Every structure is written in C-alpha cells, then in structure tokens.
Amino acid sequence: KRYSEIADFLAWRLLKYYVKDEPTKEEIQNLSSVIVVNNFDMFASTKYLLASDIMYSDSAMNTIYYKNPLELTIGTLKLLHYNHRIIMKGEYYDW
C-alpha cells in the first residue's frame, strides 16, 4: 500500500514537471506502475516518460509553456533561494 502511494506521488510529480500541470489518473497510474516495476529507479522511469506517447500527446504539447530567458533566470534564482537586491531604473527590488 505504501509503495503504491509513493509511486503515485512520484508519478504525479514527474508528470507535472515534464508533461502538464494536471495529469489524469490514468497517466499517473501508468507511470506509477512503471516506477514500481523499475524498483523506484528514477532514471529508468524518467527515461520511459520522456520517450512515451504521454510526453508527445496533443494535450501535453498544447499545454507546454516556454519561459523566456528572464523568467527562466529569475525562476532559477528563486528556486535556489538567492536573496539579493536588484536595481532597475534607479529603484530597488527585493526578490
């Protein structure tokens, strides 16, 4: 029971990160079973996901949001908890 819950959570996180914001129960269950079969080897499971039809389905391809370089840089700095004041146009911004 606990293994299936962990596998479901990991599948949901992988799908949310790589494919789309709201994966379906069926997609979660499919990837969850792959995770369990691979004995929680995340490299093999991620490799399966990136090569699967789920990744390249019409619904997934239409929901991908590409970030511009500024959004990517600021998002990465926030993820790394980089606290620094930035000066833009003579004003200070904390982020």
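What you see is a predicted model; the values in this text were computed from it and never measured.

**Student:** Looking at this structure, how should I read helix H1 (residues 2-18)?
**Tutor:** The α-helix advances 3.6 residues per turn, and as a result positions three or four apart in sequence lie on the same side. End to end, H1 covers 24 Å across 17 residues, agreeing with the expected 24 Å (1.5 Å per residue, within 8%). Residues of H1 that are buried make contact with helix H2 (25-37) and helix H3 (42-51).

**Student:** Help me understand the packing of H2 against H3 in this model?
**Tutor:** Relative placement of two packed helices is described by the angle separating their axes and the distance separating the axes. In contact at an axis separation of 9 Å, H2 and H3 are set at 145° when each is read in the N-to-C sense. Handedness of the crossing formed by H2 with H3: right-handed. The residues of H3 that touch H2, namely those facing Leu-31, Val-34 and Ile-35, are Ser-45, Tyr-48 and Leu-49. A class-by-class count of the residues in the contact of H2 with H3 yields five nonpolar, one polar and no charged.

**Student:** When you look at the packing of aromatic side chains in this model, what are you seeing that I'm missing?
**Tutor:** How two aromatic rings sit relative to each other is given by the distance of their centres and the angle of their planes. All chains considered together, the criterion is met by two aromatic pairs. Here Tyr-3 and Phe-40 contribute two aromatic rings whose centre-to-centre distance is 6.0 Å and whose plane-to-plane angle is 50°, an arrangement assigned as tilted. Of this pair, Tyr-3 sits in helix H1 while Phe-40 sits in the loop between H2 and H3; the two residues are 37 residues apart in sequence, bridging distant segments of the chain. For Tyr-3, a relative accessible area of 61% puts it in the exposed group. We classify Phe-40 as partly exposed; its relative accessible area is 25%. On the basis of an interplanar angle of 35° and a centroid distance of 6.1 Å, the ring pair of Phe-9 and Trp-12 is categorised as tilted. Residue Phe-9 and its partner Trp-12 are both found in helix H1; the two are separated by three residues, about one turn of the helix. Exposure remark for Phe-9: the relative accessible area of 49% places this residue in the partly exposed category.

Here is what the cut-offs are and how they apply
Residues numbered from 1 in each chain as written. Predicted model: local features only at pLDDT ≥ 70, side-chain atom pairs only at ≥ 80, totals over all residues. Heavy atoms only, no water. Helix = DSSP H or I, 4+ residues; strand = E, 2+ residues; numbered from the N terminus. Expected span 1.5 Å × (residues − 1). Contact = heavy atoms within 4.5 Å. Axes fitted to C-alpha atoms, helices over the stretch in contact; angles between N-to-C directions. Left-handed = near helix turned anticlockwise from the far one by under 90°. Nonpolar A, V, L, I, M, F, W, Y, C, P; charged D, E, K, R; others polar. Phe/Tyr/Trp six-rings, centres within 6.5 Å; stacked < 30°, edge-to-face > 60°. Buried < 20%, exposed > 50% of the residue type's maximum accessible area, 1.4 Å probe, protein only.

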